[in-house]
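Geometric and topological summary
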Amino acid sequence: MTTNSPLYAPLQIGQRALLPIVQGGMGIGVSAKSLAGHVAREGALGTVASVDLRHLHADLVEQSPYARGQAELDRLNLIALDREVKGALTYAQGHGMVAVNVMKAVASYPDYVRQACESGAEAVVMGAGLPLDLPEMTSDFPKVALIPILSEARGIGIVLKRWMKKGRLPDAIVIEHPKHAGGHLGAASLAELDAERFSFQKVLDDTRQLFKSLQLESERIPLIVAGGVNSFEKMKACIQDFGASAVQIGTAFAVTREGDAHDNFKRTLAEAKPEDIAEFMSVAGLPARGVLTPFLKSYLKREAILQANAKADPARCTQSLNCLSACGLRDGVAKMGQFCIDLKLAAAFRGEVSKGLFFRGADPLPFGDAMRSVNETIRYFLTGEKPADLAGA
């Protein structure tokens, strides 16, 4: 366990004083009980990604073909989420904090939020949409911390004002920069990924001014920056220069030994060069970033044709999961992606490089293509100290 950081103040979430590091939620199955639990055990905030966790449990996978429709598949996924949250808490051994990330874009997100709380999650993190209804969904669990993920001050203002009317404030806010982050990105289009309004300094400054105008300065809501934090130097700049309370790190944790995904998944992320990473429109209607594996290369070559032939057809959801509230493939939305994201992310989790969709951040990893432990990764970000055999790399 990493007990403290000589450079930084603790990240204070509720009554918990944590290391100023948050592990981002990564699905399907990339950040589940092992990764989230080991990050928490070090004294930081570990995150279980809630999406379609049945793929991590052989008995639930065996039951899936016999499931009758979406409700039964959702039931299997809620069982899996319960197991993963409880497993993460066991790994954590009472240290740090275990959170569950729930995408607002997922059709059954209220059920996932409630299951996370009932299973003992200590925080709920929500992105991929404005989490305006999160306070009422968690009203029976007042001790569960609520952490929205947003990308600009305008969205933060909308959430704050709505939540204040309900008598609740965020316990922290993650500010994600879409130019650098992996997975689904908080911008309306690919053309906007590099917009100035997303710069950390601007969003932090604008948010502090927003706090002042809403008379929330005394609440000391932690602001956590996410996207492109891939080195000790960048973490130091985010906290000491920009004034962030903490950083969120995704890809660097995804490739750790304790990461829940297959080693092929980790190698694919770790060995990717800048030219191997691409942005595209997801089926969820959001820009996304991933590795140009055989599937993604083939899909992008055919994307224009597939979009031109988009049509609304419930039968296109071959699994009957209907995982997304809006799906470009199922709903025939031409400007959105035209593939089954659940199948592709599940294949990536299993290490099927030719078939999978491998989400990844845009920046190089701190240890190059080496896979190291969660402890070594956290220690490096806090101190700049690399493992002895990688010190010269």
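Right, let's walk through the structure included here. Keep in mind the model is a prediction, meaning the values are calculated, not measured.

**Section: the environment of Glu352**
Mapped onto the elements of the fold, Glu352 is located in the loop between helix H13 (341–349) and helix H14 (374–383). A relative accessible area of 27% places Glu352 in the partly exposed class. Separated by 90 residues in sequence, Glu352 and His262 have C-alpha atoms that sit 8.9 Å apart. Sequence-distant contacts of Glu352, that is, excluding residues within four places in its chain, are made with Ala347 and Phe358.

**Description of the pattern of salt bridges**
Following the criterion strictly, the structure yields 23 salt bridges and no others. Asp133 serves as the salt-bridge partner of Lys104, at 3.8 Å between the closest nitrogen and oxygen. In this pair, Lys104 sits in the loop between strand S5 (97–103) and helix H4 (109–118) while Asp133 sits in the loop between strand S6 (123–127) and helix H5 (134–137), placing the two residues 29 residues apart along the sequence. Between Asp263 and Lys266 there is a salt bridge, and its shortest N-O distance comes to 3.8 Å. With Asp263 and Lys266 both in helix H10 (residues 263–271) and 3 residues apart, this pair spans about one turn of that helix. Since its relative accessible area comes to 39%, Asp263 is described here as partly exposed. One salt-bridge network, held together by shared partners, links Arg257, Arg372, Glu376 and Asp389.

**Things to note about the nonpolar core**
Counting 92 residues, the largest nonpolar core has Ile21, Val124, Met235, Val247, Phe253 and Ile378 as the members making the most contacts within it. Considering every element that reaches this core, the biggest residue donor is helix H3 (residues 70–92), with 8 residues. Among all residues touching Phe253, those that are not within four sequence positions of it are Ile21, Val22, Gln23, Met26, Leu35, Val39, Val374, Thr377 and Ile378.

**Description of the side chain of Arg372**
Along the chain, Arg372 turns up in the loop between H13 and H14. At 3.1 Å, the side chain of Arg372 and the side chain of Glu376 are in polar contact. Beyond its immediate sequence surroundings of up to four residues, Arg372 is in contact with Val255, Thr256, Arg257, Glu258, Phe367, Pro387, Asp389 and Leu390.

**Details of empty space enclosed by the protein**
Per the stated rule, a full pass over the model turns up 3 cavities of 30 Å³ or more. By volume, the largest cavity is sized at about 140 Å³. Elements with a contribution of two residues or more to the lining of the largest cavity: helix H12 (328–331) and H13. Its volume calculated, the second largest cavity comes out at about 70 Å³. In terms of lining, the second largest cavity is formed by Val51, Asp52, Asp74, Asn77, Val106, Ser108, Tyr112, Leu321, Cys323 and Asp342. When its residues are assigned to classes, the lining of the second largest cavity shows 5 nonpolar, 2 polar and 3 charged.

What counts and how
- The numbers attached to residues start from 1 for each chain and follow its sequence in the written order.
- Note on the predicted model: pLDDT of at least 70 is required for a residue's local features to be given, and 80 or more for side-chain atom pairs to be given and counted; whole-chain, interface and lining totals, by contrast, use all residues.
- Heavy atoms throughout the structure, all of them, feed into the side-chain values; hydrogens and water do not.
- Per the convention used, a helix needs a DSSP run of H or I reaching at least four residues, while a strand needs a run of E reaching at least two, with both numbered from the N terminus.
- We call a residue buried when its accessible area falls under 20% of the maximum for its residue type, exposed when it is over 50%, and partly exposed in between, using a 1.4 Å probe and counting protein chains only.
- In this description, contact between two residues means that some pair of their heavy atoms is separated by no more than 4.5 Å.
- For this analysis, a salt bridge means a side-chain nitrogen from Lys or Arg found within 4 Å of a carboxyl oxygen belonging to Asp or Glu.
- Among buried residues, the Ala, Val, Leu, Ile, Met, Phe, Trp, Tyr and Cys ones that are joined through side-chain atoms within 4.5 Å form a nonpolar core.
- For the purposes of these results, a polar contact is taken to be a pair of N or O atoms within 3.5 Å, where, inside protein, one atom must be able to donate a hydrogen and its partner to accept one; residues adjacent in sequence count only when each atom of the pair is a side-chain atom.
- Grid points spaced at 1 Å and placed over the protein atoms alone form the basis of the search, with a cavity being a set where a 1.4 Å probe fits but cannot get out and a pocket an open set showing protein on both sides within 12 Å along at least five of seven lines. Lining residues have an atom within 4 Å of a point.
- Grid points are joined across faces, edges and corners, and a volume is the space filled by probe spheres set on the points.
- Side-chain classes are defined by residue name, with Ala, Val, Leu, Ile, Met, Phe, Trp, Tyr, Cys and Pro counting as nonpolar, Asp, Glu, Lys and Arg as charged, and the others, Gly among them, as polar.

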